[in-house]
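Chain by chain, the residues:
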Amino acid sequence: MTDHKTAPDGAGSRPESRLRGVSSDGSKRAIPVYHQLRSILRQQIKDGLFATDKPMPSEMQLSTCYGVSRVTVRRALEMLESEGLIVRRHGVGTFVASDLMRAQNPAGPAVSGLVENLISMGMTTTAELLEFSADMAPPARVLQALGLQHDDTVLRLVRLRRHQNLPLSVSTVYLPHSVSHLAAEHLLDDRPVIRMLEEGGVRPHRAEQTLSAVPADDQVANWLGLAVSSPVIRLRRTILNDKGEPLEHYIGLYNPDHYEYHMMLTRDNSASQPQWRHIG
């Protein structure tokens, strides 16, 4: 159901909503309108579109701009206020929180970079085991990534990782049985699985990785505290040893409210067609 209806005859009409409360197939899996608006405003705040010394657009202006009710606008603003991103001053207006105030926000800044590297540098996270199977038949794509046959089985584990008590990511790890004994259920703790393999004598050499955005299904949305169909960052990685043998296939789903992927690039002008290269 959409967030507004056409006004009665003679009362005028509001512009068509830029947000949608139902998905294209009419299902109930759509993101609530107030959550969509909160996400839009949150990104605009992060991108610096609002000055901290001037009020943001009023509830009425936002209502008109996005074609939604003031109740929807108010709820979106309440969410932003609870995150410490805005300050609402009675009779004055709504302001973006200063950098100092945002630094005091319990949510903290977004985690940026490979979580495994950040943990190595001292970032504290916890990992909760959600699912574990020591011997399961994986999807065909995983078999291909690990270089296995169609009837081979793997170890599979799913964990929820938290940072500052906030859900950061849901990771699914598949291991071939050549290394799965190093991640037996009784050995699992807060360490990344690849760290456990290394401490068991395995030497990762390189990895193939892809990054994309996907909608969160019901289960992932519940684990990450998001609305169903909210976009999450998906990172797929296959780790190999120096012989090119796959050691681990990893699928991480990250909450974009608390995580961003940061890369350093250098411009390689040595070739006839210069290109960017990843350096960290």
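Just above, that's the structure.
Computed from a prediction, not measured in an experiment: that's the story for all the values here.

For the protein, the helix and strand inventory stands at 8 helices and 12 strands. Burial analysis of the protein (280 residues in total) assigns 41% to the buried set. For the protein, long-range pairs separated by at least 24 residues make up 57% of all intrachain contacts whose partners lie at least 6 apart in sequence.

Before going further, it helps to examine the environment of V232. By the secondary structure assignment, V232 is in strand β8 (residues 231-240). For V232, a relative accessible area of 2% gives the class buried. V232 has contacts with S212, A213, V214, A216, L224, L226, L253, Y254 and P256, leaving out every residue within four places of it along the chain.

Turning our eyes to something else, we now look at helix α3 (residues 70-82). Taking 1.5 Å of rise per residue, the 13 residues of α3 would be expected to cover 18 Å, and the 18 Å separating its terminal C-alpha atoms lies within 8% of that figure. Listed in full, the buried residues belonging to α3 are T72, V73, A76, L77 and L80. Projection of α3 onto a plane perpendicular to its axis shows the buried side chains occupying an angular sector of 130°, all on one side. Opposite the packed face of α3, turned more than 90 degrees from it, sit the exposed residues V71 and S82. Lining the buried residues of α3 we find α1 (33-46), α2 (59-66) and β1 (86-89). Directly beyond the C-terminal end of α3, a positive phi value near 80° is found at G84.

Next up on the list: the pairing of strand β6 (residues 166-175). With 9 of 10 residues buried, β6 is to be regarded as a mostly interior element. Pairing between strand β5 (residues 154-163) and β6: 9 bridges, direction antiparallel. The partner of R156 across the bridge, within β6, is Y174. Connecting the antiparallel pair β5 and β6 is a turn made up of 2 residues, with Q164 showing a positive phi of about 55°. Where β6 and strand β9 (residues 246-254) come together, 6 bridges link them in antiparallel fashion. Its bridge partner lying in β9, V170 is registered against L253.

Let us now look at the nonpolar core. By size, the foremost hydrophobic cluster in this structure holds 21 residues, and its most contacted members are L175, V193 and L197. Where this core is concerned, the elements lending two or more residues are β5, β6, α7 (193-199), β8 and β9. For this core, the element with the most residues is α7, which contributes 4 residues. L175 has contacts with V154, L155, S180, A183, V193, L197, L247 and E248, leaving out every residue within four places of it along the chain. Formed by 16 residues, the second largest nonpolar core is a distinct cluster that contains L37, I45, L62 and V96.

A word on the sheet that holds β9. In space, the 6 strands of this open sheet follow the order β4-β5-β6-β9-β8-β7, with antiparallel pairing throughout. The open sheet terminates on both sides in strands that have one partner only, identified here as β4 (126-136) and β7 (206-215). Geometrically, the sheet is characterised by an average inter-axis angle of 15° between neighbouring strands, direction not taken into account.

Summed over the entire model, instances satisfying the criterion amount to 1 aromatic pair. Look at Y254 and Y259: their rings are 4.3 Å apart centre to centre, the planes differ by 25°, and that puts the pair in the stacked class. You can call Y259 buried: its relative accessible area is 2%. A cation over a ring is seen here: R89 above F95, with NZ or CZ 4.4 Å from the ring centre.

It is the contact of α1 with α3, at a shortest axis distance of 8 Å, that shows an interaxial angle of 50°. Taken together, α1 and α3 sit at an angle that is classed as oblique. Relative to α3, α1 is oriented so that their crossing is right-handed. Residue-level contacts link V33, Y34, H35, L37, R38, L41, R42 and I45 of α1 to T72, V73, R75, A76, L77, M79 and L80 of α3. Across the contact of α1 with α3, the residue classes break down as 10 nonpolar, 2 polar and 3 charged.

Before going further, it helps to examine unusual backbone geometry. Backbone geometry places Q164, a non-glycine residue, at a positive phi of 55°. Among the structural elements, Q164 can be located in the loop between β5 and β6. On the accessibility criterion, Q164 (44% relative accessible area) is partly exposed. For N165, which is not a glycine, the phi torsion comes out positive at approximately 65°.

What counts and how
- All residue numbers refer to position in the chain's written sequence, counted from 1.
- In keeping with the model being predicted, local features are shown solely for residues with a pLDDT of at least 70 and side-chain atom pairs are shown and tallied solely at 80 or more, while totals for entire chains, interfaces and linings include all residues.
- Only hydrogens and water are set aside when side-chain values are computed; all heavy atoms of the structure are taken into account.
- Only DSSP runs of H or I with at least four residues qualify as helices, and only runs of E with at least two residues qualify as strands; both kinds are numbered from the N terminus onward.
- Only protein chains enter the accessibility calculation, which uses a 1.4 Å probe; a residue whose area is less than 20% of its type maximum is buried, one above 50% is exposed, and one in between is partly exposed.
- Contacts are residue-level and defined by heavy atoms, with any inter-residue pair within 4.5 Å sufficient.
- To estimate how far a helix should extend, the number of its residues minus one is multiplied by 1.5 Å.
- An arc is given here, and it is the one of the directions from the helix axis to the C-beta atoms.
- Pairing between strands is defined by DSSP: at least two bridges between them are needed.
- Nonpolar core, defined: a set of buried Ala, Val, Leu, Ile, Met, Phe, Trp, Tyr and Cys residues in which side-chain atoms within 4.5 Å join the residues together.
- Every axis corresponds to a line fitted to the C-alpha atoms, with the helix fit spanning only the stretch in contact, and the corresponding angles, defined between N-to-C directions, vary from 0 to 180 degrees.
- In summary, the pairing rule links any two rings of Phe, Tyr or Trp, Trp by its six-membered ring, whose centres are within 6.5 Å, and it sorts them by plane angle into stacked for under 30 degrees, edge-to-face for over 60 and tilted for everything else.
- Over a ring means this: the NZ of a Lys or the CZ of an Arg is within 6 Å of the ring centre and within 35 degrees of the ring normal.
- The cut-offs work like this: below 35 degrees is roughly parallel, past 145 is roughly antiparallel, 65 to 115 is roughly perpendicular, and the gaps in between are oblique.
- Here a crossing is taken to be left-handed if its near helix is turned anticlockwise relative to the far helix by less than a right angle, and right-handed if that turn runs clockwise.
- Polar here means any residue other than Ala, Val, Leu, Ile, Met, Phe, Trp, Tyr, Cys and Pro, which are nonpolar, and Asp, Glu, Lys and Arg, which are charged; Gly is therefore polar.

What is shown is where atoms sit, not what they do.
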